[in-house]
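# Reading the structure
Below are the chains, spelled out letter by letter.
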Amino acid sequence: TLESKGAPAPGRDDRKRWLALLLVCAAQLMIVLDGTIVNVALPVIQSSLGFSEVSLSWVVNAYLLTFGGFLLLGGRAGDLFGRRRVFMVGLALFTLASLFCGLAGSQTLLIAARAVQGLGGAIIAPAALSIIITTFTEPADRARAMGIWGFVVSGGGTIGVLLGGVLVGTLGWPWIFLVNLPIGIVALALCRPLLDAGRTESADADGGFDLAGALLVTASLVAAVYAIVGANTIGWASAQTVVLLAVAASLMGLFVAVETRTRVPLVPLGIFRSRNLTVSNVVMVLTVAGVFGWFFFGALYLQRVLGYGSLQTGLAFLPATLVLGALSYSAAAKVVNRFGVKPMLVVGMSLMALSLALFARAPVGGSFVLDVLPGMLLLGFGASFAFLTVILASVSGVPERDAGLASGLVNTAQQLGGALGLAVLASVAASRTEGLGGTGSESVAALNGGYHAAFLLSAIFVALAAVLAAALLRLDRDGKEVGGKMPTPPSVAGAGGARPTPEIPADTLADDRK
């Protein structure tokens, strides 16, 4: 038998797959936690290192610039040079940068280390998602794996608020970074035993790398993210914002021109012929914009209107996280397998939009049980289906050789959706507050009016995402692209990076399962 010749038993192989999922989810959790855990510590960091109000923003912006700018490059690198190798490089960078962040005694060192952290995160995130895509190919297993991944991506922020409050209050702000060290070291040690090398045929055969394309797309994304994060401070109509957005658009145009003429393009433009991938990324931008509105303005409502502390705020978000976690582990995947990806995507996003609409009516002096808890529970329920299904839709019909690229696109959509959405929502909220007579100290009623406008616009974003998904996605019940092909199944020979099998038509796979 195969087992007697030294091949791993099927049960062991299956355990290894799920352990690999836990490994990449742990790495992704570090990145997600970083987005909120740092925000909790900003006031303490400011007083400790003497940041001004303006310079303090670069503790966040330095990370956002490199993370958003290098996501696409990080995703493609995994396809070309091996997903495990690239994942380990990103993990090592992120962990080492976390050490320097924790030890930083100056503003310059902290900001520089945060930029390197962002680079490491930009490499980890798409590599981790592409590892999941190529490891779990059966619809039921993939749905369950994506459910767990979706919980980490969308629920990790709340955990960050709780953990940040505890760490800053007990051990001090450096520990919000140093806590990454044991996770990163253990994860690095487990990469080789648990992860396949993941080197694809295209990397072996072509052996090329599109340096010009890599530089152009990265510069374009960095310029776009820089323009967005600065627009709220200096204005959308300012010369800096307009010039940066024009530069970003010009660089992206040059990138497209280069890709059409390059033998081995960084981004094969043919991938956008996948209607599901293109639509799903637009849906992801809109959904993440809405979720960022919920988290950001929900925290502001709880703190500035209801008078909650940071730990109380984290606990207030806990119901949504618990519902999301409970459903994401298994139940959401079973429901999606029963009713289909597209219907549950629309249902999940509709519930999220309804939740945000409920927050848009939360009053001054509101009650947690009556005015906050229903929206939290509804959003957790809807998000458990929405994020799982939109990720499944975005990778349907994408061959394994492009899994890293597809993952990079999804992560870039998340990042740009969050940055752009938050910038727009903050502008709308500020304008509404000013219109209601908020001045100087800004009355609580005026602040709450601004938050209502932001919540309502967030609900519109997510509702529009649901409409686009319902109208434009082409998915069968298993989440496969109608008329397309399943992603190439990876070899089951275990670690060592066996070469993938040729693409198999979806109908053949369906016959085999019968």
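Everything quoted here is computed from the prediction, not taken from an experiment.

### Things to note about the overall build of the protein chain
When helices and strands are tallied, the protein chain shows 17 helices and 0 strands. Each of the 514 residues in the protein chain was classed as buried or not, and the buried ones make up 55%. A separation threshold of at least 6 residues defines the contact pool for the protein chain, and within that pool the share at least 24 residues apart is 83%. Within the structure as shown, the protein chain displays about 20,500 Å² of accessible surface, and the carbon and sulfur contribution to it stands at 67%.

### A short note on helix H10 (residues 239–261)
Over its 23 residues, H10 runs 33 Å from end to end, which matches the ideal 33 Å to within 8%, given 1.5 Å per residue. Residues Thr241, Leu244, Ala248, Leu251, Phe255 and Glu259 constitute the buried set of H10.

### Things to note about the packing of aromatic side chains
Within a pair of aromatic rings, the relevant descriptors are the distance that separates the centres and the angle that separates the planes. Here the structure, examined in full by the defined rule, presents 9 aromatic pairs. These aromatic residues form a ring-pair network of at least three members: Trp294, Phe295 and Phe317. The ring centre of Trp18 lies 4.9 Å from the NZ or CZ of Arg144, which sits over that ring. The ring of Phe339 has Arg338 lying over it, and the distance from NZ or CZ to the ring centre is 5.0 Å.

### Details of the side chain of Asn281
Mapped onto the secondary structure, Asn281 falls in helix H11 (residues 275–305). For Asn281, the side chain forms a polar contact with the main-chain oxygen of Leu277, separated by 2.7 Å. A polar atom in the side chain of Asn281 sits 3.4 Å from the backbone nitrogen of Val410. Setting aside chain neighbours within four positions, we find Asn281 in contact with Leu409, Val410 and Ala413.

### Quick look at the nonpolar core
Counting 107 residues, the largest nonpolar core has Leu21, Phe87, Trp294, Phe297 and Met349 as its most contacted members. With 15 residues, the single largest contributor to this core is H11. Those residues in contact with Phe87, other than ones at most four positions away along the chain, are Val24, Ala27, Ile124, Ala127, Ala128, Ile131, Cys191 and Leu195. Core analysis: the next-biggest nonpolar cluster, separate from the first, contains 18 residues, Ile37, Val59, Ala113 and Leu167 among them.

### Here's the deal with the side chain of Glu259
Mapped onto the fold, Glu259 is located in helix H10. The class of Glu259 is buried, set by a relative accessible area of 4%. When sequence neighbours within four positions are dropped, the list of residues in contact with Glu259 reads Asp210, Gly213, Pro265, Leu266, Val267 and Leu269.

### Points about the confidence of the model for the protein chain
The share of residues in the protein chain with pLDDT of 70 or more is 84%, and the mean pLDDT across the chain is 79. Here helix H17 (residues 506–513) stands out as the least confident element of the protein chain, with mean pLDDT 36; helix H13 (residues 341–359) is the most confident, with 94. Predicted confidence is poor over residues 1–10, with pLDDT under 50, and the contacts of this stretch with residues over four places away or in other chains come to 3 contacts. Across residues 483–514 the pLDDT falls below 50, and counting only partners more than four positions away or on other chains, this stretch makes 58 contacts in the model.

### Description of the packing of H11 against helix H14 (residues 368–395)
Helix-helix packing is characterised by the crossing angle of the two axes and by the distance between the axes. The interhelical angle for the contact between H11 and H14, taken along N-to-C directions, is 155°, at an axis separation of 10 Å. Put simply, H11 runs roughly antiparallel to H14. For the element pair H11 and H14, the recorded crossing hand is left-handed. Residues Asn276, Leu277, Ser280, Val283, Met284, Thr287, Val288, Val291, Trp294, Tyr301 and Leu302 of H11 form the contact with H14, whose participating residues are Val372, Met376, Leu379, Phe387, Val390, Ile391, Ala393 and Ser394. Broken down by class, the residue content of the contact of H11 with H14 amounts to 15 nonpolar, 4 polar and no charged.

### A closer look at the pattern of salt bridges
Should the charged atoms of two oppositely charged side chains come close, the side chains can pair. In total, this model carries 2 salt bridges according to the counting rule given. Note that Arg17 and Asp141 form a salt bridge whose closest N and O atoms lie 3.1 Å from each other. Here Arg17, found in helix H1 (residues 10–49), pairs with Asp141, found in helix H5 (residues 139–170); they are 124 residues apart in sequence, far enough to count as distant. Take Asp141: its relative accessible area is 24%, and that puts it in the partly exposed class. One salt bridge in this structure joins Asp371 and Arg361, with 3.1 Å as the shortest N-O distance. In this pair, Asp371 is assigned in helix H14 and Arg361 in the loop between H13 and H14, connecting sequence segments 10 residues apart.

### Looking at the packing of H13 against helix H16 (residues 444–472)
Across the interface, H13 lies against H16 with an axial gap of 8 Å and an inter-helix angle of 165°. Relative to H16, the element H13 lies roughly antiparallel. As H13 runs across H16, the sense of the crossing is left-handed. On the side of H13, the interface is formed by Lys342, Leu345, Val346, Met349, Ser350, Met352, Ala353, Leu356, Ala357 and Phe359, while H16 contributes His452, Phe455, Ser458, Ala459, Val462, Ala463, Ala465, Ala466, Ala469 and Ala470. Here the residues of the contact of H13 with H16 are counted per class, giving 16 nonpolar, 3 polar and 1 charged.

What counts, and where the lines are drawn
- Residues numbered from 1 in each chain as written.
- Predicted model: local features only at pLDDT ≥ 70, side-chain atom pairs only at ≥ 80, totals over all residues.
- Heavy atoms only, no water.
- Helix = DSSP H or I, 4+ residues; strand = E, 2+ residues; numbered from the N terminus.
- Buried < 20%, exposed > 50% of the residue type's maximum accessible area, 1.4 Å probe, protein only.
- Contact = heavy atoms within 4.5 Å.
- Areas by Shrake-Rupley, 256 points an atom, 1.4 Å probe, with all protein chains shown as cover.
- Expected span 1.5 Å × (residues − 1).
- Phe/Tyr/Trp six-rings, centres within 6.5 Å; stacked < 30°, edge-to-face > 60°.
- Lys NZ or Arg CZ within 6 Å of the ring centre and 35° of its normal.
- Polar contact = N/O pair within 3.5 Å; in protein donor to acceptor, adjacent residues only side chain to side chain.
- Core = buried A, V, L, I, M, F, W, Y, C linked by side-chain atoms within 4.5 Å.
- pLDDT = per-residue confidence, 0-100.
- Axes fitted to C-alpha atoms, helices over the stretch in contact; angles between N-to-C directions.
- Parallel < 35°, antiparallel > 145°, perpendicular 65-115°, else oblique.
- Left-handed = near helix turned anticlockwise from the far one by under 90°.
- Nonpolar A, V, L, I, M, F, W, Y, C, P; charged D, E, K, R; others polar.
- Salt bridge = Lys/Arg side-chain N within 4 Å of Asp/Glu carboxyl O.

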